[in-house]
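# Structure assessment
For reference, the chains in residue letters:
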Amino acid sequence: MIKIVHDRPGCIGCTLCAEQAPGQWEMDKDDGKSNLKCGKKEGEIFVVEIAESELAVNELAARDCPTKVIKVVKETGSFK
Amino acid sequence: MEKPIALVQISNPEDMRIAPLALLFVGDTLKKAGYEPKVFHVNSEKLQAAVKDILSVDPMLVGLSVITGNQTRESANLSKMLKAEKPELPILWGGVHPTLLPRETVKEDYIDYVANGEGDTIILDIVRMLEGKVKPEEILGLCFKNNGVPVVNAPRPLIEDLDQLDLDFDLINVEDHLEREWSNKRVLGFITSRGCPFDCKFCYNLRFNLRRWRAMSEKKVVEKVKYLKDMYNIDGIKFYDDLIFSDPQRAIRILEEVKLPWYGEVRVGMLDEPLVKKLVETQCRELLLGLESGSNRLLAMMKKLQTVDHIKRGIRNLTKAPDVKPVGSFIMGLPTETKEETFQTIDLALELSQVNPKARFSFGFYLPYPGSDLYDTALRMGFVPPTKTEDWDCLDRWAGNLQLTWLDWVKDSAYFRRIRDYFNLLPLREVNIPILSKIPEKRLREKDFEHPTELQILSSLQKKYSHKDNLFSKVVLKSLPYIRSPSQPAYA
């Protein structure tokens, strides 16, 4: 199982994630931050499960996110 | 012992106090690998002396860091002068300009090699190539000539871990690079990160850093700044990162630790009340803000991801930080920009200057940097790129003279320069001299910029007046009310 975790308040709205992985990310028209599509709110963070085929683009989004508010969590529970 | 490697950056006389930071990174790599880098920060008005100085160390290679603009011409001139004196001396160009145009740059007969992208690690490969240990075709990011034909190797990946780099200030005389700023006397430049994640369509960074923001660890930055405080007794710091606030929380944590008055760049849309409070707490003294335009259409076109409302709110919020001087940067003359939109920018700047009287504004005309989306638009609308490297000096925000072929309502950049000059004179409002105080604002409000003689007189007087304690200034101050533009009978 692969999960994406989004700590949304720290997003600066640079749009990189929405361009790299449009399947999971879109920009919010109101506050300009990114939204994790179908993300389930768990406390302050949003979480969604993704398929293996969506891993690469989301790893790219996590790598390039300047505030590191995107994490890709694999089955083992390790953060990448 | 191998011969030293000369690392060169040319600056205008007024910028000689700003440390040549890019060279300090490159020099550090060389030094750690056992080579002997020599940094030459060259005054653009003293090229002949620089040639003598550089040749006096008998370098095995001369590497120049070059950004598009005035530096392009000066670096070309210096390279030609070095080649004339010593034709066999290898000349390497690196930095923004050769990265934007690697093939065109290496074509020049006075340039042997181009480092395409970051120079920090490629420099070692190039030196080893000159030692015969590596072949040029094996070096990622290198451009060279093969029997006179330019060869552009595959690009070198960006450096992921900036902690492997260091700014070696021992390579320069730090005392020569300390600035007097604010109420501080020993302010030094620094860089903690590279690149910017945003996608502004006018920016050369899109090609240079590929939207990849990479940062040194907070620990490394804090330790280095503490070292600079101990070693050089610095009492202020200027962060020349492309956008240090790419990660605002990181920036704040660093600023809280270094405890020095500072300058840096932030996006105006980030300036909410909590951040402004942090700016105050961390002793921010000056903030660079890319405001860009007073037209929402143009802001959207350049994908700035901010609106005029964001700009107004940010500048208004900064009034709660009385020690912070906001410096807003505007671009005029973008492809498709109308005269009315330029006027919107002027009106916005005037409004902001009243909301926040400490705010200052820098106006530049649009510069078509190769590799940006708007460059392609400019090309489609008639921009003819220079064919010779030195002629790219037309892309200079301060001194360039560009034919704005993409606009049908203005011929060249002189029109925008006059607008900028009137804005530069705007602080004269604060001087209580009837005529002088009113002219710049009147011209800007009426959008009446056809008074070059008046502008010339006022600008030269302002320069003198800026030192109002001297005798000359006192005389000028008394005379100013009687000076009138030839084209305007009176202003009172």
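Residues numbered from 1 in each chain as written. Chains lettered and ligands numbered in written order. Predicted model: local features only at pLDDT ≥ 70, side-chain atom pairs only at ≥ 80, totals over all residues.

Moving on: the overall build of chain A. Helices and strands together make up the secondary structure of chain A, namely two helices and six strands. Helices and strands appear in chain A in the N-to-C order β-α-β-β-β-β-α-β. Whereas a compact globule of 80 residues would reach a radius of gyration of roughly 12 Å, chain A reaches 11 Å, a difference of no more than 12%. Its C-alpha atoms give chain A principal-axis dimensions of about 35 × 25 × 20 Å. Every one of the 80 residues in chain A was classed for burial, and the buried ones make up 29%. (Helix = DSSP H or I, 4+ residues; strand = E, 2+ residues; numbered from the N terminus. Rg over C-alpha atoms; globule rule 2.2 N^0.38 Å. Buried ≥ 20, exposed ≤ 12 C-beta atoms within 10 Å, placed from the backbone.)

With that settled, the discussion passes to the interface of chain B and chain A. Residue-level contacts link twelve residues of chain B with ten residues of chain A. Its residues placed into classes, the side of chain B that touches chain A shows six nonpolar, two polar and four charged. (Contact = placed C-beta atoms within 7 Å. Nonpolar A, V, L, I, M, F, W, Y, C, P; charged D, E, K, R; others polar.)

We now examine the pairing of strand β2 (residues 37–43) of chain B. Regular strands show a simple pattern: their side chains alternate between the two faces of the sheet. Residues and elements named next belong to chain B. For β2, the buried fraction is high: six of the seven residues fall into the buried class. Sheet analysis places strand β1 (residues 5–11) next to β2, joined by seven bridges and oriented parallel. Looking at the pairing, Val-8 lines up with Phe-40 of β2. What joins β1 to β2 is helix α1 (residues 21–32), and the crossover it makes is right-handed. (Pairing = 2+ DSSP bridges. Right-handed = clockwise from strand over helix to strand, strands pointing away.)

Glancing now at the packing of helix α2 (residues 47–56) of chain B against helix α3 (residues 70–85) of chain B. Residue and element names in this part refer to chain B. In the contact formed by α2 and α3, the axes pass within 10 Å of each other and the chain directions differ by 50°. In terms of their interaxial angle, α2 and α3 are classed as oblique. Handedness of the crossing formed by α2 with α3: right-handed. Mapping the contact onto sequence places Leu-47, Ala-50, Val-51, Ile-54 and Leu-55 in α2 and Glu-74, Asn-77, Leu-78, Met-81, Leu-82 and Glu-85 in α3. (Axes fitted to C-alpha atoms, helices over the stretch in contact; angles between N-to-C directions. Parallel < 35°, antiparallel > 145°, perpendicular 65-115°, else oblique. Left-handed = near helix turned anticlockwise from the far one by under 90°.)

Residue and element names in this part refer to chain B. Along helix α9 (residues 248–258), the residues that are buried comprise Arg-250, Ala-251, Ile-254, Leu-255 and Val-258. In an axial view of α9, the angular spread of the buried residues amounts to 130°, which keeps them on one side of the axis. Where α9 terminates, the next one or two residues include Lys-259, which has phi positive at roughly 50°. (Arc of directions from axis to C-beta.)

Between the first and last C-alpha of helix α16 (residues 434–446) of chain B there are 18 Å, a value that for 13 residues agrees with the 18 Å anticipated at 1.5 Å per step. Directly beyond the C-terminal end of α16(B), a positive phi value near 55° is found at Lys447(B). (Expected span 1.5 Å × (residues − 1).)

Of note in this structure, Lys68(A) is not a glycine but carries a positive phi near 55°. Within the secondary structure, Lys68(A) is located in the loop between α2 (55–64) and β6 (70–73). One non-glycine residue, Gln283(B), adopts positive backbone phi at about 70°. Within the element layout of this structure, Gln283(B) appears in the loop between α10 (273–281) and β14 (284–292).

What follows is about the environment of Glu341(B). Residues and elements named next belong to chain B. Relative to the helices and strands, Glu-341 resides in helix α13 (residues 339–355). As for Glu-341 and Ser-295, which are separated by 46 residues in sequence, their C-alpha atoms are 5.7 Å apart. Not counting the four nearest positions on each side in its chain, Glu-341 is found in contact with Ser-295, Arg-297 and Leu-298.

The next thing to look at is the sheet that holds strand β5 (residues 45–50) of chain A. All names here are of chain A. Taken in spatial order, the four strands make up an open sheet running β4-β5-β1-β6, and their pairing is antiparallel. Looking along the sheet, the strands with just one partner apiece sit at the ends: β4 (40–42) and β6. The average angle at which neighbouring strand axes cross in this sheet is 30°, direction not considered. Helix-sheet contacts for α2 involve β1 (2–6), β5 and β6, and the interaxial angle to β6 is about 140°.

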